[in-house]
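# Summary of the model geometry
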Amino acid sequence: MKKTTGQNREITKLWRPATQAVRGGTWRSEHGETSEALFLSSGFTYDDAETVAARFAGEQDGMTYSRLQNPTVQMLEERIALMEGAEACRAQATGMAAMTTALLCQLQMGDHVVAARAAFGSCRWLTDNLLPKWGISTTTIDSRDNDAWKAAIQPNTKVFFFETPANPTMDIVDMAYVCGLAKEHGITTVVDNAFATSVLQRPMDFGADVVAYSATKLMDGQGRVLAGAVCGSQQWIDDVLLPFQRNTGPNLSPFNAWVVHKGLETLELRAMRQSENALVVGKFLEGRVPHMMHPGLESHPQHALAMQQMKACGPIFAFSVDGGRKQAHALLNGLKLIDISNNIGDARSLMCHPASSTHHSMGPEAREAMGVGEGLIRINVGLEDPADLIEDLDQALKAAGL
Ligand SMILES: *Cc1c(COP(=O)(O)O)cnc(C)c1O
């Protein structure tokens, strides 16, 4: 492999984000390919036995086995780290592999975690079921309430875990306050930044220690592959995350890494345009539905905080209707252009009813407590012309009696 400027951190860290998104991490083979190569190989070969020994001893850089490192995956990791402003990144098989790895690699029996109550369903499963089963206690709180974070700290609290905006209630966490509080108490903050990505919000600029991703969402952005990533300091990645990851193997396939890597080249264009479209669609819906949860609209109680932390509002928001599940399902069933789908971050507009899909397994009480009612609908606004989306929503709303 030829080292190109894309692999020279001294140079790439000085580039602006748009340049990093297109060229950061590029590492060319002897063929000089323009598009980064796909190394779909599980293992690697060596010219002599001494080389293997040197690589396993950590005395020589180079590939040994794709659970430990792979050139295509490494290119993606380098690009994500640059865009995040993080020292290091390791890619994971899925967003949930990233969340699980980020938490389990640093926790042990007897530790305590404070987590946001409003979160992706499987993230709540980690804090409600998996961690307690292994002797790690958890407290879930209203993440909008700064005092609640403070009040939940115990002498054995090791980690704060949250998303902002949260899936699907769009609760916003005051990152500067919460990350600062964590630092004062020696607590590691893990932020799930799937809804925003580094293009719209960089949690490390507000003091976050670890940023974890579902790259399935906006990073891929075209609904093709599952992927995840964890960013942190070089020391944390090397000493805390890597021993766990290398031995348990939640690794991303090189093919999926390649797809996401290409997705990053257009991430900013998509995230900004989809945010604009989400604002147009949100303004239309605001006049038609009883309750909006849209961080880009002034009606959102944390609009000012959201816009202080984010460059744009993002493509995802939620709203609710008063007729419960029946009316929410009727609205979805009336759609002719927008798809019914529980995915987000896609270039296509997608809508779902979280209570009967993404947050189904939590049960009605936990859903109610985190604000996911029976009338709540989540929308991911894509790259279509918003006028077509509004026409579709208008006729579906009418069909649902709204
Ligand atoms: C989708 C999602 C995840 C899980 O990601 P997968 O790639 O589906 O495993 C985690 N957190 C948030 C906020 C998500 O939206």
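Definitions and limits used
Residues numbered from 1 in each chain as written. Predicted model: local features only at pLDDT ≥ 70, side-chain atom pairs only at ≥ 80, totals over all residues. Heavy atoms only, no water. Salt bridge = Lys/Arg side-chain N within 4 Å of Asp/Glu carboxyl O. Helix = DSSP H or I, 4+ residues; strand = E, 2+ residues; numbered from the N terminus. Buried < 20%, exposed > 50% of the residue type's maximum accessible area, 1.4 Å probe, protein only. Polar contact = N/O pair within 3.5 Å; in protein donor to acceptor, adjacent residues only side chain to side chain. Contact = heavy atoms within 4.5 Å. Pairing = 2+ DSSP bridges. Axes fitted to C-alpha atoms, helices over the stretch in contact; angles between N-to-C directions. Near = heavy atom within 4 Å. Areas by Shrake-Rupley, 256 points an atom, 1.4 Å probe, with all protein chains shown as cover. Nonpolar A, V, L, I, M, F, W, Y, C, P; charged D, E, K, R; others polar. Phe/Tyr/Trp six-rings, centres within 6.5 Å; stacked < 30°, edge-to-face > 60°. Disulfide = S-S within 2.5 Å.

Enumeration according to the criterion identifies 21 salt bridges in this entry. The closest approach of N and O atoms between lysine 262 and glutamate 36, which form a salt bridge, is 3.3 Å. Remark: glutamate 36 occurs in the loop between helix H2 (17-23) and helix H3 (49-56) and lysine 262 occurs in helix H11 (residues 254-265); sequence separation between them is 226 residues. Relative accessible area serves as the criterion here: at 23%, lysine 262 is assigned to the partly exposed category. A relative accessible area of 6% means that glutamate 36 is categorised as buried. A salt bridge links glutamate 374 to arginine 367, with the nearest nitrogen and oxygen atoms 3.7 Å apart. Each of Glu36, Arg79, Lys262 and Glu265 takes part in salt bridges that share partners, so that together they form one network.

What follows is about the side chain of histidine 353. Relative to the helices and strands, histidine 353 resides in the loop between strand S11 (350-352) and helix H15 (364-370). A distance of 3.3 Å separates polar atoms of two side chains, one belonging to histidine 353 and the other to histidine 329. When neighbours within four sequence positions are excluded, histidine 353 is seen to be in contact with Arg325, Ala328, His329, Leu332, Glu374 and Leu376.

This part is about the sheet that holds strand S5 (residues 188-192). Either a parallel or an antiparallel arrangement is found when strands of a sheet pair, and the pairing is made through backbone hydrogen bonds. An order of S1-S7-S6-S5-S4-S2-S3 is seen for the seven strands of this open sheet, with the pairing classed as mixed. Either end of the sheet is taken by a strand with one partner, and the two such strands are strand S1 (88-92) and strand S3 (137-141). Sheet twist, expressed as the average angle between the axes of neighbouring strands with direction ignored, equals 20°. Relative to strand S7 (residues 228-232), S1 is paired through five bridges, and the arrangement is antiparallel. Across the sheet, the residue bridging to alanine 88 is glycine 232, located in S7. Relative to S1, helix H4 (residues 71-84) is tilted by about 130°, and along the sheet it contacts S1, strand S6 (210-214) and S7. Lying over the sheet, helix H10 (residues 234-248) contacts S1, S6 and S7, oriented at roughly 25° with respect to S1.

Here the focus is the site of the ligand. Lining the immediate surroundings of the ligand are 15 residues, of which Gly95, Met96, Asp192, Thr216 and Lys217 lie closest. A distance of 2.8 Å is found between an oxygen atom of the ligand and a backbone nitrogen or oxygen belonging to methionine 96. In the environment of the ligand, an oxygen atom lies 3.4 Å from a nitrogen or oxygen atom belonging to the side chain of asparagine 167. When isolated, the ligand has an accessible area of 380 Å², and the protein chains bury 92% of it. A class-by-class count of the residues in the shell around the ligand yields seven nonpolar, five polar and three charged.

Before going further, it helps to examine the packing of aromatic side chains. Tallied over the entire structure, the rule returns two aromatic pairs. Consider the rings of tryptophan 149 and phenylalanine 160, whose centres lie 4.9 Å apart with planes at 50°: the pair is tilted. Taken together, the positions of tryptophan 149 in helix H7 (residues 146-152) and phenylalanine 160 in strand S4 (residues 157-163) put the pair 11 residues apart, joining distant regions of the chain. Note on accessibility: tryptophan 149 and phenylalanine 160 belong to one class, buried. Members of the aromatic cluster, joined through ring pairs, are Trp149, Phe160 and Phe162.

On to the state of the cysteines, then. Scanning the model with the defined rule gives zero disulfides in all. The structure places no disulfide on cysteine 105, whose sulfur is separated from the nearest cysteine sulfur, that of cysteine 231, by 13 Å. Assessed through its relative accessible area of 14%, cysteine 105 is described here as buried. Cysteine cysteine 352 shares no disulfide, and the gap to the nearest cysteine sulfur, in cysteine 123, comes to 15 Å. Residue cysteine 352 is classed as buried on the basis of its relative accessible area, which comes to 4%.

With that settled, the discussion passes to the sheet that holds strand S10 (residues 339-340). Read across the open sheet, the five strands follow the order S8-S9-S12-S11-S10; overall the sheet is mixed. Of all the strands in the sheet, the pair left with one neighbour each is strand S8 (291-293) and S10. Pairing analysis gives three bridges linking S8 to strand S9 (residues 316-320), with the strands arranged antiparallel. Each residue of the ladder has a partner; that of methionine 293, found in S9, is alanine 318. Packing against the sheet, helix H12 (residues 267-286) makes contact with S8, S9 and strand S12 (376-380), and its axis sits at approximately 10° to S9. Sheet strands in contact with helix H14 (residues 324-333) are S9, S10, S11 and S12, and its direction is about 30° off that of S12.

In terms of burial, helix H5 (residues 95-104) is largely enclosed, as eight of its 10 residues are buried. Taken together, the buried positions of H5 are Gly95, Ala97, Ala98, Met99, Thr101, Ala102, Leu103 and Leu104. Where H5 begins, the capping side chain belongs to threonine 94, and its oxygen is found 3.3 Å from the backbone nitrogen of methionine 96.

Counting buried positions along S4 yields six of seven residues, so the element is predominantly enclosed. The sheet contact formed by strand S2 (residues 112-116) and S4 spans four bridges and is parallel. Bridged to valine 114 within S4 is phenylalanine 160.

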